[in-house]
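This is what each chain is made of:
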There are 2 protein chains.
Amino acid sequence: MKNAGIISVGTEIMRGKIDDTNSTFIARWLKDCGIKLKFRLSVEDEINDIVSAIKYIEECDLIILTGGLGPTKDDLTREALSKFLNKKLVFQENEWEKLKYFFNKYIKIPIADSNKQQVELIEGGEFLRNDNGTAPGMFCNVNNKIFILLPGPPKENQPMIKNYLFPKLKESGFITGDIYTRVFRLYNIGESTVADFFKDFNEEIEIGYYFTQTGWVEIHLSKFITTSDDLDKIQPIIKKAENILTDNKVFFTEDKDLSQLVLELLIKNNQTISFAESITGGNISGEFVKNPGSSKALLGSIVSYSNESKQKLLCVSEESLLKFGAVSEEVVKEMVIGLKKTIGSDICVSISGIAGPDGGTEQKPVGLVYFGFMFGDKLIVKKEIISGVRSRIIVRCINYVYVEILKWLNSK
Amino acid sequence: MKNAGIISVGTEIMRGKIDDTNSTFIARWLKDCGIKLKFRLSVEDEINDIVSAIKYIEECDLIILTGGLGPTKDDLTREALSKFLNKKLVFQENEWEKLKYFFNKYIKIPIADSNKQQVELIEGGEFLRNDNGTAPGMFCNVNNKIFILLPGPPKENQPMIKNYLFPKLKESGFITGDIYTRVFRLYNIGESTVADFFKDFNEEIEIGYYFTQTGWVEIHLSKFITTSDDLDKIQPIIKKAENILTDNKVFFTEDKDLSQLVLELLIKNNQTISFAESITGGNISGEFVKNPGSSKALLGSIVSYSNESKQKLLCVSEESLLKFGAVSEEVVKEMVIGLKKTIGSDICVSISGIAGPDGGTEQKPVGLVYFGFMFGDKLIVKKEIISGVRSRIIVRCINYVYVEILKWLNSK
């Protein structure tokens, strides 16, 4: 197994201004490529520190440096690698012409002389094209040890890795296949439970569990493939993984936001939607409009946060509010019926609950939530008790609503 | 100036499962303490890799290792440091009693024998108390070089750094004062513009600019202080910084979310609020309810996404919609008046705009937004053209609304 080291260069990382997300991205990519990451390092833009870092990890087969490829005198990564390899940096006239063209076309300010250092190439190296910025990357194969320079901004280096570095590593025989990845997003389930379901899943495939801050768990199944035969062989393994999820009654989606999947299906079915939100205060509707084209399906929503607004905007009866309370089966039912009458969308959803930290009682604890759904004329009420702090309860409510709608739309 | 190195240990970081946010947090903290961070490293839970990493940075005055203090056989950080220092790990009976008590009281499962390694102390070292988990940290002063072990979870190590490590470093004379930090949050302004305002601000204070994903820029003014005299001396500097912002007409707040500041003022004034949202689809209202106690001020909101819902829910006239279009001064005015009539809150806000990517024209481009405010009976309409992609336009709209409300509330 080949191994690798990453060196991220920059003051912003060393002073805690930004997280080193580049290294995280590259680490995950290396894992998917079947390459072992042995070292991750960060240093300031100081030439001796960069050279010393390269020396420290020079045993690695692949050494990736990110950042410090800009036009200023603080950008020293090229120079440091040149010093370490004891190879000259040579100005490339034809690359300079390309850079001038890029400036003229996209940046629309005159190019400065300082940009010239960006088109200096280490002897024997090759540029990696940058489709999204001015700094090209670099690829140097020195005695079968590969050194890579990548620009710092993720929107520049991520496409560069995918479109130019990966093919280059394949071409040079360092990587001998392609990465196949399938992602499942799982809702309302913990990472350890998922890992448990897969404990006997001893297939020839890399499996990773990623917990996200937005309330779902991702399973990444990835495998290095070299032929179309390999790809065929993966399909039953993916199917088996899907079956494990299905058998355990876990709801999962592909690698897209829930609200986007709902929107796509609604547009396809030519259906409309609206929400009556109490506990979530507009966040379910708000999530929906983050998707371009949401106006094709969302008619409107009502945030009935106070009892008065529930009566006024959704015709909930005062009697029900007094008798059952705002967080009750009866009230979400009246809310969703009121919404249907007022807005008249094909799908109507209501929600009421206690987000905390205050307002809970023994009978109605923090985390108690009622959901009302009207799919056409079919009315469904659901009840859940969601654990966690206020922000988590709100996120889980949003996901819960979209999961229920998706289940319904998928069953049609 | 003293210098430091950080080694974060763990498979999750090396496989790109999580960002190394611990090192970012510590990097920022070190900067505030006036200590230069020279190296950041990450390695797997392999004893030889950890020892080699410590050797690489052993020139540093302060060496901080995070992660790998758990009870499993993969947790090897303690052992690695013991090997590097050539000092024994010694089981601590009294710490074991404390850990058993913690398990019994908070974790409620029987303690395992494997937990014993967590209370092994390097000869001559001291424990750093963990108020939020089972793994104590460690502090070793060896010939005036300080080695620190911290547990991996941020909710455990951050309070440990603040409450135990920092005082310990002060007590041992490594740090000779306290950190004073003042944070300003700035809205609707770029990082480079802010830096420009402060280019002649040559005061004896550390100044940092942090761009956030949530649409604001933070300025951190921090200074190491040793006496109350020092603290007095800072006040005019802070005042000067505030004046620079005020003179440049930059709106800024303290280190709290805008919607939280609005909620606090509304509660103080005993005032209520409601929103009529088109372009933001519920996100302004949704932001508000993320704050505990929001029900004390928010009566309700209306998401009038379609023209029909604007007419039906907010009594916007069909004539205005036809004549001026949904994104117009006239329509936001009617929306906010309709909202006032329907919900009757003290403050009413309406918003309508074009979030894109489609739907823009030459006269009404993507990013055009109208805002309507009713503060009591006073009606104000504002117009903005916001640049950027859909998600950024929505975030900027949310901030814009809260900034305007805050300005109004602060002016009363």
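Description of the structure in this document. Sequence order as written defines residue numbering, which begins from 1 separately in each chain. As a convention, the first chain written is A and the first ligand written is 1, with the rest following in written order. Local features in a predicted model are, by the rule used here, given only for residues with pLDDT of at least 70; side-chain atom pairs are given and counted only at 80 or more, and totals for whole chains, interfaces and linings are based on all residues. Water and hydrogen atoms play no part in the side-chain values, which are based on all heavy atoms of the structure.

Helix and strand definitions follow DSSP, with helices as H or I runs of at least four residues and strands as E runs of at least two, each counted in order from the N terminus. The helix and strand inventory of chain A stands at 14 helices and 17 strands. The C-alpha atoms of chain A give 27 Å as radius of gyration, which overshoots the globular expectation for 412 residues (22 Å, by more than 25%). Oriented by its inertia axes, the alpha-carbon framework of chain A measures out at about 85 × 55 × 40 Å. Each of the 412 residues in chain A was classed as buried or not, and the buried ones make up 55%. What makes two residues a contact is simply this: any of their non-hydrogen atoms within 4.5 Å. Taking as baseline every contact in chain A between residues at least 6 positions apart, the subset at least 24 positions apart corresponds to 65%. Here the open area of atoms and residues is found with the Shrake-Rupley method and a 1.4 Å probe, where only the protein chains shown may cover a residue. Per element, the accessible surface of chain A, about 18,400 Å² overall, is 48% carbon and sulfur. Residues scored as positive are Lys and Arg, those scored as negative are Asp and Glu, and His as well as the terminal groups of each chain are ignored. We put the charge of a Lys on NZ, of an Arg on CZ, of an Asp on CG and of a Glu on CD. Taking the 52 positively charged and 55 negatively charged side chains of chain A as two groups, their mean positions are separated by 3 Å. Radius of gyration: C-alpha atoms only; globule rule: 2.2 Å multiplied by the number of residues to the exponent 0.38. Only protein chains enter the area calculation, which uses a 1.4 Å probe; residues under 20% of their type maximum are buried, those over 50% are exposed, and those in between are partly exposed.

Turning next to the pairing of strand β1 (residues 3-9) of chain A. Residues and elements named next belong to chain A. Most of β1 sits out of view: 7 of its 7 residues are buried. Here β1 shows two buried faces, one formed by N3, G5, I7 and V9 and the other by A4, I6 and S8. Both β1 and strand β3 (residues 62-66) contribute to a ladder of 5 bridges, which runs parallel. Looking across to β3, one finds that I7 is bridged to L65. By this definition, two strands are paired if DSSP reports at least two bridges between them.

This next bit is on the sheet that holds strand β6 (residues 126-128) of chain A. One open sheet holds the 12 strands; their spatial order is β6(A)-β7(A)-β8(A)-β3(A)-β1(A)-β2(A)-β2(B)-β1(B)-β3(B)-β8(B)-β7(B)-β6(B), and the pairing between them is mixed. Two strands in the sheet have a free side with no partner beyond their single neighbour: β6 of chain A together with β6 (126-128) of chain B. Neighbour-to-neighbour, the strand axes of this sheet turn through a mean angle of 20°, independent of strand direction. As paired strands, strand β1 (residues 3-9) of chain B and strand β2 (residues 36-43) of chain B are joined by 7 bridges and run parallel to one another. Bridge pairing in β2 of chain B places N3 of chain B opposite K36 of chain B. Where helix α4 (residues 77-85) of chain B meets the sheet, it contacts β1, β3 (62-66), β7 (137-142) and β8 (145-150) of chain B, and its direction lies at approximately 165° from that of β8 of chain B. Working convention: axes come from line fits to C-alpha atoms, limited for helices to the stretch in contact. Angles between N-to-C directions cover 0 to 180 degrees.

Next up on the list: the interface of chain A and chain B. Across the boundary between the two partners, chain A contributes 63 residues, which contact 63 residues of chain B. Values labelled buried area give the accessible surface lost by two parts on being combined, using a 1.4 Å probe and summing over both. Summed over both partners, the interface of chain A with chain B comes to about 4,700 Å²; 51% of that surface belongs to carbon and sulfur atoms. Per-residue buried area on chain A facing chain B is highest for R40, Y56 and Y305 of chain A; these three make up 13% of the total on that side. When a carboxyl oxygen of Asp or Glu is within 4 Å of a side-chain nitrogen of Lys or Arg, the pair counts as a salt bridge. Counting the contacts that link chain A with chain B gives 6 salt bridges. One salt bridge connects E44 of chain A with K36 of chain B, and the closest N-O pair in it is separated by 3.8 Å. Here a polar contact means two N or O atoms within 3.5 Å. Within protein one must be a hydrogen donor candidate and the other an acceptor candidate, and residues neighboring in sequence count only if both atoms are side-chain atoms. Remark: the boundary between chain A and chain B carries 40 residue pairs in polar contact (both at pLDDT 80 or more). Looking at the side of chain A that touches chain B, the element that brings in the most residues is strand β2 (residues 36-43) of chain A, giving 8 residues.

This part takes up the relation of the copies chain A and chain B. Least squares is the method for superposing the copies, and the C-alpha atoms it fits come from residues with pLDDT of at least 70 in both. Placing chain A over chain B gives an RMSD of 0.1 Å and needs a rotation angle of 180°, together with 0.0 Å of translation along the axis. Such a combination of turn and shift is consistent with a two-fold rotation axis. Taken together, the interface assignments show that 100% of the residues at the interface of chain A recur at the interface of chain B, consistent with an identical surface on both copies.

The next subject is the environment of P151 of chain B. Residues and elements named next belong to chain B. Position of P151 relative to the elements: it lies in the loop between β8 and α6 (154-171). Using a relative accessible area of 2% as the deciding quantity, one classes P151 as buried. The spatial distance from the C-alpha of P151 to the C-alpha of E254 is 31 Å, given a sequence separation of 103 residues.

Let's shift gears to the packing of helix α9 (residues 258-269) of chain A against helix α14 (residues 390-411) of chain A. How two helices pack is summed up by the angle between their axes together with the distance between the axes. All names here are of chain A. Viewed as axis vectors pointing N to C, α9 and α14 meet at an angle of 35°, and their least axial separation amounts to 9 Å. Two packed elements cross with a definite hand, and for α9 against α14 that hand is left-handed. On the side of α9, the interface is formed by L258, S259, L261, V262, L265, L266 and N269, while α14 contributes N399, Y402, V403, I405, L406, L409 and N410. Along the lines of polarity and charge, the residues of the contact of α9 with α14 split into 10 nonpolar, 4 polar and no charged. Crossing chirality is assigned from the near helix's rotation relative to the far helix, an anticlockwise turn below a right angle marking it left-handed and a clockwise turn marking it right-handed. Just so you know the grouping, Ala, Val, Leu, Ile, Met, Phe, Trp, Tyr, Cys and Pro go in nonpolar, Asp, Glu, Lys and Arg go in charged, and all remaining residues, Gly too, go in polar.

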